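# Coordinate inspection notes
Take a look at the letters that make up each chain.
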Amino acid sequence: MTAPDMAGPGKTAITLAVNGTSRQLELEPRTTLAEALRNALGLTGTKIACDRGACSACTVWLNGQPVLSCMALAIDAAGQEITTIEGLAQGDVLHPVQEAFIEHDAMQCGFCTPGMVMSCAALLERDPHPDAAAVRDAIAGHYCRCGTYPHVVAATLAAAERKP
Amino acid sequence: MTATRTVTFPAGIVEAGLGTVTREIPASEPPPWPPNAELTWIGKDVPRLNGREKVTGATRYTVDIRLPGMLHARFLRSPLPSAELRKLDTSAAAALAGVRAVVVLARSGDRLRYAGQPVAAVAAVSPGVAGEALAAIDAEFRPLPFVVDMDEARAPDAPLVYDEASVPKGNPSGFPAAPGLPVVGNVRGPAVVRRGDPAQGFAAADIVVEGEYRTQVQTHSCLEPHAIVADWRADGLTVYMSTQFTSGVRQELAALFGLPLNRVRVVVDGMGGGFGSKSQLGVYGRTAVELSRLAGLPVRLALNRHEEQTDAGNRPGTSQRVRLGAKRDGTLTALAIESHGTAGVALGAGIGFFAERIYTCPNFETLQHDVFVNAGPGCAMRGPGNTPGAHGLEQAIDTLAERLGLDPLALRDRIDPSKARREERRIGAERIGWSRRHAPGADPGPVKRGLGVAQSLWMSNVQTNVACEVRVLRDGSVEALSSVQDIGTGIGTVMAQVVAEVLGLRPAEITVRIGDTEFPPGGPSYGSRTTASITPPLRTAATRVLAELGREAARMLNAAPEELEARDGRLRVKSDPARSLAFRDAAALLRTDRISAVESRADDYPGFRRRMPDAAMALEDLGGVQFAEVAVDTETGAIHVERVVAVHDCGRPMNRLLLESQVQGGVLMGVSYALLERRVMDRRTGLMVNADLEHYKLAGAHDTPEIEVVILENLQGSSATDAYGIAEPANIATAPAIANAVYNAIGVRLASLPMTPDAVLAALGKTGRS
């Protein structure tokens, strides 16, 4: 399914596939994916910090690839598999990256953490055994004002070792 | 007269050899804790207990809160750095469909002093409608002369930011803006601190070194913006706010809106960073509450990133002229500093008390000035005053060492009275490999390496107006409660450790409820004081509920209450551990559903160095020494910080995993300050040109050095936990350590921050810039 040729400026029907569930929404075409997730769907784990693609706090997956949801329009995400931080764990079982983030204290205020987790988990999907440089590359676009980068790298390497 | 008893505490730096100290303490205080090695949870790497919520996105930050009927507020701000408001008509905006309230913050004829100063605010049913309402406000601004550069503002003919009637008289956050200082043009001060006779001290010196150092304006750049959801109702006001001080905001609101304290509630769960900038209610907070009051509906106000960069506080910029006089052996005879700093339209741009306290010097003087410019107000930021102050003095000390032919560590050994820092220098020198340090600029190739060191000093702050509660419920579950907020340090986890240690439970068994003024007042999370303030009364409260529980258990076990201990989830007879009762079975014996103890912060046992109404300073300052290893590419000018060794003390370390995170964060913010960050103001328009996160550069993963953290266990027998803070000390020494390492690498001193590639090339004489 692709976006219609003409839409807006009023609300238009948009169907999003979020964390394995199809959601029918009425949104203005200018609505970003981050706004749609947070405001229309209440999935506030996805954070908006700069709203201009400079900090990566809003990282989600589109078809398994990390994207900046503040720089994507919701209407363009129609027909793609969207995974947010709320959809990463399998029920009560956390993703190995989430487990390792807790163990290694790869968070402080935690505001950048959901985005960091999404990028690090995506890295392990493409490269199950990265080295520290590869982890740093994967989070190079993420800002963390608390300075958690060393623990994020350590946690992701530990998660890679634990992953079957 | 409070009953007291005399007890002996372990005292000293555990790593350097422990002694004892005898104190007379209030009889109600618990007995001394042994060193951490003998404790179960204290000082251990307990992962933060709210980690699961943070990694799953479940934590609710203020910006995530949605209330039924909630309105969205936005500000109209001055587009000009200096203007007279000629006209402000909000009637068309107020009449727009969907607009529910309008607040006017300036009147026709008012002078506006910086670009971004709030003029009016609207609350509407959506952010879009609020934006349309702003566009419908009819406002006229008459441009006035302005100045945004600190040096230009000091010129005699500079446009005046304030006239005599309007100039700020003093600053409650005070770095060092004492009341009643003279104002000449845009310059206020000096604030003077003097001891001895500096002139005589310089005359007696064998050597005098002098240098000028400059630091830039840094913005806090919290990832969660300043945000509030205000819910004014007939029966009281509830405010959800991203704040470092719930009970302080409650007091401000009660006073401002004439409400009794019991009708004001302030709540924060997730808190996305403050670093000093979220300590008070602020204009945005008070405006949101006023809009909610007018509209009769909840109002959400969250600043956007541009507003964050221009009107949410910043670390003031400084210039510092530092003079040191010394004998040939390094003994200081005189230390004099004259500083100018700018906090924009606000006060508080001093260089703190770093120089005043860190080194032994009989003749001392600082003259500190505030310079007004037409820019957004500065405020406290991680180690306010001392962070820029250390940048100047620690480079001057290195310069003196070189002139005297002394190793920088040897000079500090001579003039620094702190025992903690002496040990920290020794440990850090070993870890960084200080013996490898070569002469300045000695590397032959284009990439030159260097080693540098700098020191930290911060107050051991304590909030004395702090209370907390511990409850045991009849099913054996336990709660710890306080209005104290977790701004990212993990204080809730530390609180669980304290209660678990006392009750013989696991930290995960303690439910910690914080960040809500419904609970006992927990004090602020600024000034590195949270742990020092909340953990001692918490231990005392937990000890009291355990005693009450123990009386029930003792009857069952046919023992005296004082014969019992709480360990491994059981209450047991110390001399005969087989006689025991599970904690929850003991709780089942309670006569009521719940027992509880509320305790407040006792004074430090040996007293305080200084006492204020709600706060105090402990006798011993916090230290900290950091070593940096850098590689400077003399062809590109790029500085790469390869490694930092950060050796710190904070009394008794409560959780080394969380402390390591905070120290890494302090170092990272210091690397960012040293190399990258800078607010850029356009002299011709008076606007900030990098008011975003693309052009305002923060350190990222690729800028992160290898950081080795060492934290001493420095026991003092000063409170029920002996714990103090770390956040600010961790930030203060980083930039000067890097600057000293850069000098060691290239043999040329970069006296100004940030040390960007173009500044390096200029210092090396490789560009036209001087």
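What counts, and where the lines are drawn
Residues numbered from 1 in each chain as written. Chains lettered and ligands numbered in written order. Predicted model: local features only at pLDDT ≥ 70, side-chain atom pairs only at ≥ 80, totals over all residues. Heavy atoms only, no water. Contact = heavy atoms within 4.5 Å. Buried area = accessible area lost by both parts, 1.4 Å probe. Salt bridge = Lys/Arg side-chain N within 4 Å of Asp/Glu carboxyl O. Polar contact = N/O pair within 3.5 Å; in protein donor to acceptor, adjacent residues only side chain to side chain. Helix = DSSP H or I, 4+ residues; strand = E, 2+ residues; numbered from the N terminus. Phe/Tyr/Trp six-rings, centres within 6.5 Å; stacked < 30°, edge-to-face > 60°. Domains from an automatic or database assignment. Nonpolar A, V, L, I, M, F, W, Y, C, P; charged D, E, K, R; others polar. Core = buried A, V, L, I, M, F, W, Y, C linked by side-chain atoms within 4.5 Å. Buried < 20%, exposed > 50% of the residue type's maximum accessible area, 1.4 Å probe, protein only. Expected span 1.5 Å × (residues − 1).

In this complex, chain A contributes 40 residues to the contact, which on the side of chain B involves 50 residues. Buried surface at the junction of chain A and chain B, summed over both partners, amounts to about 3,700 Å²; 58% is from carbon and sulfur atoms. When the buried area of chain A at its contact with chain B is split by residue, Q108(A), Y143(A) and R145(A) rank highest and sum to 24% of it. Its salt-bridge partner being R48(B), residue D105(A) comes within 2.6 Å of it at the nearest N-O pair. Remark: the boundary between chain A and chain B carries 26 residue pairs in polar contact (both at pLDDT 80 or more). Breaking the side of chain A that touches chain B down by element, the ones donating at least two residues are α1 (33-40), α2 (96-103), α3 (113-126), α4 (132-138) and α5 (149-162) of chain A. The leading source of residues in the side of chain A that touches chain B is α2(A), at four residues.

So, about the packing of aromatic side chains. The full count for this structure, using the stated rule, is seven aromatic pairs over all chains. Between F111(A) and Y61(B) the ring centres are 5.0 Å apart and the planes differ by 90°, which places this aromatic pair in the edge-to-face class. Placement of F111(A) in the loop between α2 and α3 and of Y61(B) in the loop between α1 (51-56) and β3 (71-77) is noted, with the two residues assigned to different chains. Each ring, one from F353(B) and one from W458(B), has its centre 5.7 Å from the other, and the planes form 35°; the classification is tilted.

Another aspect to go through is the domain arrangement of chain B. All names here are of chain B. Splitting chain B by domain gives domain 1 (67-80 + 82-145 + 221-311), domain 2 (168-220 + 314-396), domain 3 (418-460 + 620-763) and domain 4 (461-615). For domain 3 and domain 4, the distance between their C-alpha centroids amounts to 37 Å. Viewed at the interface, domain 4 and domain 3 are joined by one salt bridge. Measuring nitrogen to oxygen at the nearest pair gives 3.1 Å for the salt bridge that ties D621 to R609. Between domain 3 and domain 4 we count twelve residue pairs in polar contact (both at pLDDT 80 or more) in total. Residue composition of the side of domain 3 that touches domain 4, grouped by class: ten nonpolar, eight polar and two charged.

Quick look at the environment of V67(A) now. Inspection of the secondary structure assignment puts V67(A) in strand β4 (residues 65-68). In this structure, the C-alpha to C-alpha distance between V67(A) and S56(A), residues eleven residues apart in sequence, is 8.4 Å.

Quick look at the nonpolar core now. For soluble globular proteins, the rule of thumb is that nonpolar side chains tend to be buried together. Grouped together as the largest cluster of nonpolar side chains are 107 residues, with contacts concentrated most on F101(A), V630(B), I738(B), V742(B) and M755(B). Counting residues per element, this core draws most heavily on helix α16 (residues 656-675) of chain B, at nine residues. Excluding anything up to four places from it in sequence, I738(B) contacts A628(B), V630(B), V641(B), V671(B), A674(B), L675(B) and M755(B).

Right, let's talk about the side chain of E469(B) for a bit. All names here are of chain B. Within the secondary structure, E469 is located in strand β23 (residues 467-473). Using a relative accessible area of 10% as the deciding quantity, one classes E469 as buried. Side-chain polar atoms of E469 contact the side chain of S596, separated by 2.7 Å. Non-local contacts of E469, meaning those with residues more than four positions away in its chain, are made with E479, A480, L481, P520, S596, A597 and V598.

Residue and element names in this part refer to chain B. Look at helix α6 (residues 246-257): 16 Å from first C-alpha to last across twelve residues, which is about the 16 Å you get at 1.5 Å a residue. Listing the buried residues of α6 in full gives T246, S247, G248, V249, R250, L253, A254 and F257. Along its buried surface, α6 packs onto β13 (227-233), β14 (236-241), β15 (264-267) and α7 (282-295). G258 sits one or two positions beyond α6 and adopts a positive phi of about 65°.

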